[in-house]
Amino acid sequence: MTDALLPSVAPEVTASLVEDLSPRLRKRLDAAVAKLAARPVHRDGDTVTVAVDDDTELRLHAPGGFVATADAITCGCLLAPACVHRAAAACTAPAAEPTEEPEEEPTADSPRGQETRPAQGQQTQPAQGQTADPGTEPGAERVADTTAASPPHTVSDRAAESAAPSAGPAHEPDRSPAADGAPPAPAPDAAPGTDVATRAQRDAAAALWSAGAAVLEAGVDGAGAVTQAVLLRAAHTARLRQLHRAAGAAISVVTLLRAARAGDPSYRTADLVTALGELLGTAHRVERATGAELAAVRGRARRPYSPDGSLRLYGLFTEPVVTDSGLGGVRTWVAGADGRLFTVGDVAPGGVGRAVGVADRAVRLGDSAVTHRELGRAGLAVSGATVSPDGRLGAGKNVKAVTARGVAWTEAPLAALWRTPPARQAARALRSTARYTEPAGGGSDLLFLDVELLGAVQEPAGACLLVRCEGGGPVLRLAAADDEPALAHRDNLTLLASAPGTRLRIIGRMVPALHPRLALLACSHPTGDGTVDLGLDRLSRADIPARTTAVPAAHGPSAPAHHGVTDTHSPLYLLERRVEQAVTAGRAALGMLGDLGDEARRIRRGGLPTAAGLLTALGASAAERGRDSFGRLLPADTDGFATHWLAAARYTAAVSEALCAAAWDPEPALERPA
């Protein structure tokens, strides 16, 4: 059995079932989860049945695709309902995440572009870097409105000061009684009348911090079902207190912990580092954030939509969407006459099977009968359009849309997307893909490039395609956007790699790395007219040009040894690997490494004294254990270690993103004297 076969379960349901177990059964829970994951599953409509053994069945009733109450999970064993099987099933199933919600209609007096007030409900924005709900694509903006990337030296020694907490967890829970509506205590230095967090929100943030710090203390191997349930309970409470951003980050941490413990091949430690950094960083900021910053920290329960008048839209491509939590569907990208990017999505429970099938369903927008696959090459005329800050087109009852003629990528207005220099496009994309960016704070993460194929290059994660940007642009690597065998990404990339010398017009998604890198999404047809949606359309050998060109020796099959945003060519990797090691093995394992002075000196010689200081502080915090008057070890300072870890994680992200921007810029700015 895989968790994709089980319906998702609401976080509070999982937390309640685990909390109701006796201490003896809690000790057996992780073993029960592993055993249940190997049992056969049968789905019949809204009910999923798991054969616990030859005589016992476990049933999950999931109307609407997810389990909403504890009573919806039943077991036929003699100990039910107090058995371990119900809790194990909830811990094996994906944590429920919100799907595409109904549009929040703007009011009649809402001005164009102004956000409307969100309704109460579940959050649709996950933690940054996370893959749980990829429907949160970057916002619509004019693609030509970009800025150049900053050189790396502008952030290397200042990133920790701006990105990391100053000292300590800074949000001890207030023990005095308070209800949700209790008047908030003024935050330090807050101006009179400024919006500040309520006492209940600060308590919820403190619970999230503690749960996240416990994950960091235990590491992946120690963060079993009980630890995850504590985090799910804290996430549910935070959502009730309107801390939607932090709650979403907590759900992402649980999802990634389960993937790591199950040996999921798609799991990456860097993703868990990002999710945990988002959780701890957001929870930390609730205490002192005010005004607009507090609104960003809280996040939104629903995506607001604002009126945008009449739009003439031109299809670009359609991409499949598959999430780790079992959602599946497609997202179709379109561009307006002014160059803004918009999306029309259809994502719901169903996994990869739904992602492949829904591409040929009609777009749910007005009276249009065009399918998603067709819209990627056609056009739409929309009146009464509503648009979210991240560029999604609303499908409210007042929106009217009819199918219109599309244009080729080489024709106006789409051709203008490829005229922006690659470095400027990369700078815009990095604002969107930054690991700890504010919600809706960046632009599109897509790049539009004309390239020449050079051939395949091997990396630890598999082969990728080496290409050279035309017009003096950089040499970059194109990776498959998804390795799911049912999708066409990997097969198409392999075929394209067999035709060096071919010139293509491509669309890719930025992948932050020390070398220019994209996830390839769509391209012009190698030998014919039209375009190819590389996740849905399958190229054949007949579509590939017969001519080939040898790959230049300067661009042979070398690849970075470290698959991520840093590698062994930068001393920053020494700090980053300790940050990842703490997440994987826990604080105690990092503390047993002893003196990290040699690594700190190597980093300092590489010109990163702040990184060296952070590494020294992280190692010292991990090893620090006081003793009482009888010589017994005192409990470790989990809050202090979490604070040092968060500072290091945020710092490495900031420097890595600056180095990525520099890699895309063929003429980096010269370092100026301080």
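Residues numbered from 1 in each chain as written. Predicted model: local features only at pLDDT ≥ 70, side-chain atom pairs only at ≥ 80, totals over all residues. Heavy atoms only, no water.

**Considerations on the overall build of the chain**
Stated precisely, the cut-off is as follows: Only DSSP runs of H or I covering at least 4 residues are called helices, and only runs of E covering at least 2 are called strands; the numbering of each starts at the N terminus. Only protein chains enter the calculation, and the probe is 1.4 Å; a residue is then buried if its accessible area is under 20% of its type maximum, exposed if over 50%, and partly exposed in between. It only takes one pair of heavy atoms within 4.5 Å for two residues to be counted as in contact. Exposure was quantified through the Shrake-Rupley algorithm and a 1.4 Å probe, taking into account, for residues, occlusion by the shown protein chains and nothing else.
From N to C terminus, the chain includes 18 helices and 17 strands. A burial count over the chain gives 54% of its 674 residues as buried. Across the chain, every contact between residues at least 6 apart in sequence was considered, and the portion connecting residues at least 24 apart equals 69%. As displayed, the chain has an accessible area near 28,000 Å², and 53% of this comes from carbon and sulfur atoms.

**A look at the side chain of Glu-459**
The condition is simple: Here a polar contact means two N or O atoms within 3.5 Å. Within protein one must be a hydrogen donor candidate and the other an acceptor candidate, and residues neighboring in sequence count only if both atoms are side-chain atoms.
For Glu-459, the location among the structural elements is in strand β12 (residues 446-459). Residue class for Glu-459 comes out buried when judged on its relative accessible area of 9%. Reaching out from Glu-459, the side chain makes a polar contact with the side chain of Arg-477 at a distance of 3.2 Å. A distance of 2.6 Å separates polar atoms of two side chains, one belonging to Glu-459 and the other to Arg-517.

**Here's the deal with the confidence of the model for the chain**
Rules: Per-residue confidence from the predictor is given as pLDDT, running between 0 and 100.
Predicted confidence across the chain gives a mean pLDDT of 81, with 79% of residues reaching 70 or more. When the criterion is pLDDT under 50, residues 99-184 qualifies, and its contacts beyond four places in sequence or with other chains add up to 243 contacts. pLDDT under 50 marks residues 549-568. Its contacts with residues more than four places away, or in other chains, come to 52 contacts.

**Notes on the packing of helix α16 (residues 597-605) against helix α17 (residues 609-623)**
This is how it is decided: To get an axis, fit a line to the C-alpha atoms, keeping to the stretch in contact for a helix; angles then go from 0 to 180 degrees between the N-to-C directions. Put simply, angles under 35 degrees are roughly parallel, angles over 145 are roughly antiparallel, angles from 65 to 115 are roughly perpendicular, and the rest are oblique. The crossing is said to be left-handed when, going from far helix to near helix, the turn is anticlockwise and less than a right angle, and right-handed when the turn is clockwise. Residues are grouped as follows: nonpolar covers Ala, Val, Leu, Ile, Met, Phe, Trp, Tyr, Cys and Pro; charged covers Asp, Glu, Lys and Arg; every other residue, Gly included, is treated as polar.
At a closest axis distance of 7 Å, the pairing of α16 and α17 adopts a crossing angle of 165°. Considering their axes alone, α16 and α17 lie roughly antiparallel with respect to each other. In this structure, the crossing between α16 and α17 has a hand that is right-handed. Residues Glu-599, Ala-600, Ile-603 and Arg-604 of α16 touch α17, and the partners they reach there are Pro-609, Ala-611, Ala-612, Gly-613, Leu-615 and Thr-616. In terms of residue class, the contact of α16 with α17 is built from six nonpolar, two polar and two charged.

**Topic: the sheet that holds strand β6 (residues 73-75)**
What counts is decided by this rule: Paired strands are those between which DSSP finds at least two bridges.
Pairing is antiparallel in the open sheet, where four strands are placed in the order β2-β3-β4-β6. Of all strands in the sheet, those bounded by a partner on one side alone are β2 (41-44) and β6. Each adjacent strand pair in this sheet contributes to an overall mean axis angle of 20°, direction not counted. Direction of pairing for strand β3 (residues 47-51) relative to strand β4 (residues 57-61): antiparallel, over a ladder of five bridges. Note that in β4 the partner of Ala-51 across the bridge is Glu-57. Lying over the sheet, helix α3 (residues 84-92) contacts β4 and β6, oriented at roughly 140° with respect to β6.

**A closer look at the pairing of strand β9 (residues 341-349)**
Counting buried positions along β9 gives seven out of nine residues, so the element sits mostly inside the fold. With nine bridges joining them, strand β8 (residues 327-336) and β9 adopt antiparallel strand pairing. Each residue of the ladder has a partner; that of Thr-332, found in β9, is Val-344. In sequence, β8 turns back onto β9 through a hairpin of four residues, with Gly-339 there showing a positive phi of about 95°.

**Things to note about the pattern of salt bridges**
For clarity, the threshold we go by: By convention in these notes, a salt bridge is any Lys or Arg side-chain nitrogen within 4 Å of a carboxyl oxygen on Asp or Glu.
Counted according to the given criterion, the structure contains 32 salt bridges. With a shortest N-O distance of 4.0 Å, Glu-657 and Arg-435 are connected by a salt bridge. Of this pair, Glu-657 sits in helix α18 (residues 638-664) while Arg-435 sits in the loop between α12 (422-433) and β12, and the two are 222 residues apart along the sequence. The residues Glu-657 and Arg-435 share a single accessibility class, namely buried. With its nearest N and O atoms 2.8 Å apart, the salt bridge here joins Arg-538 to Asp-491. Residue Arg-538 is found in the loop between β17 (531-533) and α14 (572-585), and its partner Asp-491 is found in helix α13 (residues 489-497); the two are separated by 47 residues along the sequence. Residue class for Asp-491 comes out partly exposed when judged on its relative accessible area of 43%. Connected via shared salt-bridge partners are Asp-360, Arg-373, Arg-377, Asp-533 and Asp-537.

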